[in-house]
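Per-entry structural report
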Amino acid sequence: MVSHPVGVVRRLCVGVLATVLLAACAGGVQEDGPAGTVPAGGTGEPSSDVPLIGPSSTEGFMPSWIRGLQIVRDGSEDAECAWHTSYPVVPGAEALNTALRDTVDTWMSTARQGTPQAVCPGGVGIEHVEIGFDFLVASTDVVGVRLTMINGNNAGNGISTDTFWYDGRTQRQSRAVSLLDSAATTTFSSRVRALLSGREGFDAEVAAQSLDPSHLPDSVRDVAFDTEGALHVRFASGIVAAVAAGDVEVTVPRTEATRVLSDFGRRVQEQAVHPTRRLTLPTPAPTSEPATSTPSVSPPGAAADAVDCRQVKCVALTFDDGPGPYTTQLLATLARYKARATFFVVGQNVVASPAIVRAEVAAGHEVGNHSWSHRDLTRLSRKDLTNQLAWDDKAIENATGTRPALIRPPYGAINATVRSTVDRPLILWNVDTLDWKSRNSADVAQAALGAVRPGSVVLMHDIHATTVQAVPTILDALARQRYHFVTISQLRAPTALQPGHVYSSGPTARTR
Ligand code: NI
């Protein structure tokens, strides 16, 4: 595991969840460039009219062309107990999926053990740990994924990364060192030492030991190719330089890199330089995305739009962190009750499942921004914060054609910077079902039903099966109480919501 200290300037361009900071390094959301364009996603067919979100560089990106790609998310929605994990599940790459899942589990378990002062009750969480991912390559028959952990409890060693490489030909998953030719490790090591010498904090003695060929599997964990084919090697703090120097990255130019790569490494390099934007794994088990049309959707009717929540009992059900594997089922349930809801979606998931987000909009639901990769916005620079929102906007816009009008900050975490940076209203909630904690349908339903009043905004997560299973009970009981199920915008209408203002409920109906 590669660990990087917090607070290093270089971190702005090499550390943290890479996608967060890409624009900071690249000067904005990249619309084209070497990475070119990618398809709208979900179809598996490349097209050329949808811009890539995030440069396909060493910092990572989200491929939109993997059929059946799922993103597994877990976490709290609690600013006092902010934790979140995510990793991709690539159909046909079982060994990769297993390695990613096991690593996330291990990191979380280690983080829990390392923080006995964790304030989160029930042992289900931990205070401020965010584990995320980025794709480094996903082309033809190779996949590369970087996992990044930000551990807010670990001040001197807050960021850890590791990279995982899947070879579709052998159906095996391996670590970074597998990209190197085992017969060329001495050449690789001396070249890296030469590139490092003269760097601030470079420690020749420490580097010589870390870069001894026998130690490379532990020292070289984070590698990636840029679109020119150069090999970027990122060393954790203390591996090749003084700890105070932080993490260190060297770039081995393409020609030199090619000489020290394994056959697999060369294939990865080739896909980074000439990505096909198709992934063809030998044992595909695609669970293709549901069709754009949702089951039995009643088109948004004028009657529902005309609801005046100052006059009748309204409740706004909100579902965060999706779309996910249970979202289509949830849409069918909502349609059965002619209920509107609001989905605060995460950009990476939107890229993986754009058709589900289209279906949400088509069914008359509202879609809001919940950031690109579920980062705590209060811990980001203004620029990174802007990117987190802009990238989710872009993903939603690509999927639905519309920029979302509402923002729900992950964990409900808001500070002065967030308030002054956003150009849209911030939507919180006043009924927390704690569904992420209980994972029990009866408890979720009870938490909602026991607390809902006219004007309530209810927080739930459609990434949990138990939550989706609780929704029929909730809808049934509230419908009997003559509640109208509305979107956030309907709940507040006709009052216009103000940018930067925080809303956690609607008006209380004047009627019974
Ligand atoms: Ni969330």
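Preceding this paragraph is the structure being described.
Right, let's walk through the structure included here. (Residues numbered from 1 in each chain as written. Predicted model: local features only at pLDDT ≥ 70, side-chain atom pairs only at ≥ 80, totals over all residues. Heavy atoms only, no water.)

The next point concerns the overall build of the protein. The secondary structure content of the protein amounts to 18 helices and 20 strands. Here the protein, with 512 residues, has 56% of them falling under the buried criterion. By sequence separation, contacts in the protein at least 24 residues apart represent 71% of the contacts at least 6 residues apart. Surface exposure of the protein reaches about 19,000 Å², of which carbon and sulfur atoms provide 51%. (Helix = DSSP H or I, 4+ residues; strand = E, 2+ residues; numbered from the N terminus. Buried < 20%, exposed > 50% of the residue type's maximum accessible area, 1.4 Å probe, protein only. Contact = heavy atoms within 4.5 Å. Areas by Shrake-Rupley, 256 points an atom, 1.4 Å probe, with all protein chains shown as cover.)

This brings us to the nonpolar core. Met62, Val90, Leu96, Phe135 and Leu317 are the most contacted members of the largest nonpolar core, which totals 69 residues. With 7 residues, helix α3 (residues 94-113) is the single largest residue contributor to this core. Val137, Leu179, Val223 and Leu261 belong to the second-largest nonpolar core, a separate cluster that totals 32 residues. (Core = buried A, V, L, I, M, F, W, Y, C linked by side-chain atoms within 4.5 Å.)

Moving on, we get to the packing of helix α10 (residues 327-336) against helix α17 (residues 465-480). Interhelical geometry of α10 versus α17 gives an angle of 10 degrees and a closest axis separation of 9 Å. Considered as vectors, α10 and α17 are oriented roughly parallel to each other. Note on element contacts: α17 touches α10 through Val468, Val471, Pro472 and Leu475, opposite Gln329, Leu330, Thr333, Leu334 and Arg336. (Axes fitted to C-alpha atoms, helices over the stretch in contact; angles between N-to-C directions. Parallel < 35°, antiparallel > 145°, perpendicular 65-115°, else oblique.)

Let us look at unusual backbone geometry. Here the residue pair Gly322 and Pro323 is connected by a cis peptide bond, since its omega of 0 degrees sits within 30 degrees of zero. Following the sequence through the fold, Pro323 ends up in the loop between β13 (314-320) and α10. Not every positive phi belongs to a glycine, and Ser371 is a case in point at roughly 80 degrees. Positionally, Ser371 belongs in the loop between β15 (366-369) and α13 (382-400). Taking the relative accessible area as the measure of exposure, Ser371 reaches 0% and is therefore buried. Within the chain, His374 stands out as a residue other than glycine whose phi angle is a positive 60 degrees. Inspection of the secondary structure puts His374 in the loop between β15 and α13. Residue classification places His374 among the buried residues on the basis of a relative accessible area of 0%.

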